[in-house]
Amino acid sequence: MTETLDIQITKTTHSRLAETDFDNLPFGKTFSDHMFVADYADGEWKNFRVVPYGEIGFSPAISALHYGQAFFEGLKAYKHADGKVVIFRPDKNAERFNKSGERLCMPALPEEIFLQGIAAVVDIDRDWIPTRANHSLYIRPFMFATDPFLGVQPSSTYKFIVLTGPVGPYFSKTLRVKIESHYTRAAEGGMGFAKAAGNYGSSLMPAKKAVDEGFDQLIWTDAKSHEYIEEMGAANAMFVLDGKLITPTAGDSILKGVTRDSVMCLAREWGMTVEERPVSVAEIIEGAKNGKLTDAFGAGTAATIAPVGSISYDGEEYFLSDPKDREFSQKVLKTLDAIKNGTEPDTRGWTYVV
Ligand SMILES: *Cc1c(COP(=O)(O)O)cnc(C)c1O
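Numbers given for residues are sequential positions, taken from 1 along each chain in its written order. Residue-level local features of this predicted model are given only where pLDDT is at least 70; pairs of side-chain atoms are given and counted only at 80 or more, and the full residue set underlies all totals for whole chains, interfaces and linings. Side-chain descriptors were evaluated using all non-hydrogen atoms of the structure, hydrogens and water having been removed beforehand.

Under an unreviewed UniProt entry, the protein has the name branched-chain-amino-acid transaminase and belongs to Mucilaginibacter hurinus. Note on the protein: under the UniProt heading Function (unreviewed entry), the record states "Acts on leucine, isoleucine and valine." UniProt positions are given in the numbering used here, feature names are shortened, and annotations may be inferred rather than shown by experiment.

Draft legend 1. Spatial organisation of the site of the ligand. Of all residues adjacent to the ligand, which total 15 residues, the nearest are K195, Y200, E231, T259 and T301. Here a polar contact is taken to be a pair of N or O atoms separated by no more than 3.5 Å, where protein atoms must pair a possible hydrogen donor with a possible acceptor and residues adjacent in sequence count only if both atoms sit in side chains. Within the side chain of E231, a nitrogen or oxygen atom sits 2.5 Å from a nitrogen atom of the ligand. Within the side chain of T301, a nitrogen or oxygen atom sits 2.6 Å from an oxygen atom of the ligand. Values of accessible area rely on a 1.4 Å probe in the Shrake-Rupley scheme; residue burial ignores everything except the protein chains shown. When the ligand is considered free in solution it has 380 Å² of accessible area, and contact with the protein chains removes 96% of it. Under the scheme used here, helices are H or I runs from DSSP no shorter than 4 residues and strands are E runs no shorter than 2 residues, and both carry numbers assigned from the N terminus. Where the shell around the ligand is concerned, the elements lending two or more residues are β12 (235-241), α5 (258-269) and β16 (293-300). Side-chain classes follow a simple rule in which Ala, Val, Leu, Ile, Met, Phe, Trp, Tyr, Cys and Pro form the nonpolar group, Asp, Glu, Lys and Arg form the charged group, and the remainder, Gly included, forms the polar group. In the shell around the ligand, the residues fall into six nonpolar, five polar and four charged. A molecule or strand has a residue near it when one of that residue's heavy atoms lies within 4 Å.

Draft legend 2. Expanded view of the pairing of strand β5 (residues 75-79). Working definition: with a 1.4 Å probe on protein chains only, accessible area under 20% of the residue-type maximum means buried, over 50% means exposed, and in between means partly exposed. Counting buried residues in β5 gives four out of five residues, a clear majority hidden from the surface. In this structure, the hairpin formed by β5 and strand β6 (residues 85-88) is closed by a connection of five residues, where G83 is found at a positive phi of approximately 95°. Strands qualify as paired when DSSP identifies two bridges or more between them.

Draft legend 3. Fine view of the side chain of T335. Secondary-structure assignment places T335 in helix α7 (residues 327-341). For T335, the side chain forms a polar contact with the main-chain oxygen of K331, separated by 2.7 Å. Leave out the neighbours within four places in its chain, and T335 touches L266, W270 and E344. Pairs of residues are marked as contacts when any of their non-hydrogen atoms sit within 4.5 Å.

Draft legend 4. Local environment of the packing of helix α2 (residues 90-103) against helix α3 (residues 111-124). Axis definition: a line fitted to C-alpha atoms, limited for helices to the stretch in contact. Angles are taken between N-to-C directions and run from 0 to 180 degrees. Their axes nearest at 9 Å, the elements α2 and α3 cross at an angle of 130°. Between α2 and α3, the angle falls in the class oblique. Taken as a pair, α2 and α3 cross one another with a handedness that is right-handed. Between α2 and α3, the contacting residues are P90, D91, N93, A94 and F97 on the first element and E111, F114 and L115 on the second. Of the residues that constitute the contact of α2 with α3, the class distribution is five nonpolar, one polar and two charged. Working definition: roughly parallel below 35 degrees, roughly antiparallel above 145 degrees, roughly perpendicular at 65 to 115 degrees, and oblique for all remaining angles. Throughout, a crossing is termed right-handed when the near helix is turned clockwise from the far one, and left-handed when it is turned anticlockwise from it by less than a right angle.

Draft legend 5. Representation of the domain arrangement of the protein. If you check the domain split of the protein, you get domain 1 (8-169) and domain 2 (175-340). As annotated, the domain borders come from an automatic or database domain assignment. Taking only C-alpha atoms into account, the centre of domain 1 sits 27 Å from that of domain 2. Taken together, the contact between domain 1 and domain 2 spans 22 residues of the former and 22 residues of the latter. Across the domain 1/domain 2 interface, buried area totals approximately 1,800 Å², and carbon plus sulfur atoms make up 62% of it. Of all residues in domain 1, the largest losses of buried area upon contact with domain 2 belong to F88, R96 and R103, amounting jointly to 33% of the total for that side. The term salt bridge refers to a pairing of a side-chain nitrogen on Lys or Arg with a carboxyl oxygen on Asp or Glu at a separation within 4 Å. The interface formed by domain 1 and domain 2 includes one salt bridge. Here D261 ties to R89 by a salt bridge, and the two come within 2.9 Å at their closest N and O atoms. One can count ten residue pairs in polar contact (both at pLDDT 80 or more) joining domain 1 with domain 2. Elements represented by at least two residues in the side of domain 1 that touches domain 2 include exactly β4 (70-72), β5, β6 and α2. Here the side of domain 1 that touches domain 2 takes six residues from α2, the largest share from any one element. Accessible area, probed at 1.4 Å, shrinks when two parts are joined; the buried area is that loss added up over both.

Here it is, written out as structure tokens:
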């Protein structure tokens, strides 16, 4: 079904484009001129509109603020040399959006509203898409509960909003990471697989402790034994061990990343053995010691492919090879960049043209 949405467009009278410093784009601080908004009430999505980016008013009693009925997505748009604008695998994000919403007892959003809402706002702000290397337009769709009611129950009204903003590289250096063996990000039966706002709230304190100790990121481990690796900060953890690509199985407690999936697809095409399975801390530490761990990186839309320089565990720091010498992650990063930027043809149907 590809019904065209009736989207009402109100353009800004003062574009902030000219006063935006594209040489200095810290992640998530710069927003494009417009945003897409839709309302859910009486059992349906309505009032599709593109409006100037700006503050919106709410009752202080809205349930999103008190009980955390809120979740989001993250994806990116790229501008090719010929001016063509593409979004990377948005159908995957649309699908995951509804998995998150279902877990939080929030209404489904039809894929065409997700895709057309994003396309409308990316289209109107296409001049905001940076073209320089490692830059893109970050797209942040999210949904939250708006009933002004303090009872603990699912809201009956919601808002779906899409913000966008130009971004440069998320991490500018090789990461020093620590394996976390006390705090937990997500547990079996919980909502780790959802991009639920609450998952990030609970990760902040342990992540800050790690930063205070001089680390860049945490590697989360399983809630029960802390013996198995789960994720790396807000990115998926991927390793090349003994020549095989390995990554933890995406169960309840792991966010099933689009980047993770793309990396596995490429590795398989290149004839590499790919294993989605429980990955133990012990085998990673052993591999770091004996040199069989030849690659380790975080994979995510914001972080792209973020190489790990050292892994600390139990007070010991284990150093890995120089990221510039890592064959696999270098090739993956180059290939993904080429597909997104249009310098290599998209033979996999991964780009959605706006
Ligand atoms: C968003 C996210 C990822 C990466 O997912 P992508 O679809 O590749 O962007 C991984 N882990 C967590 C916890 C995340 O929030």
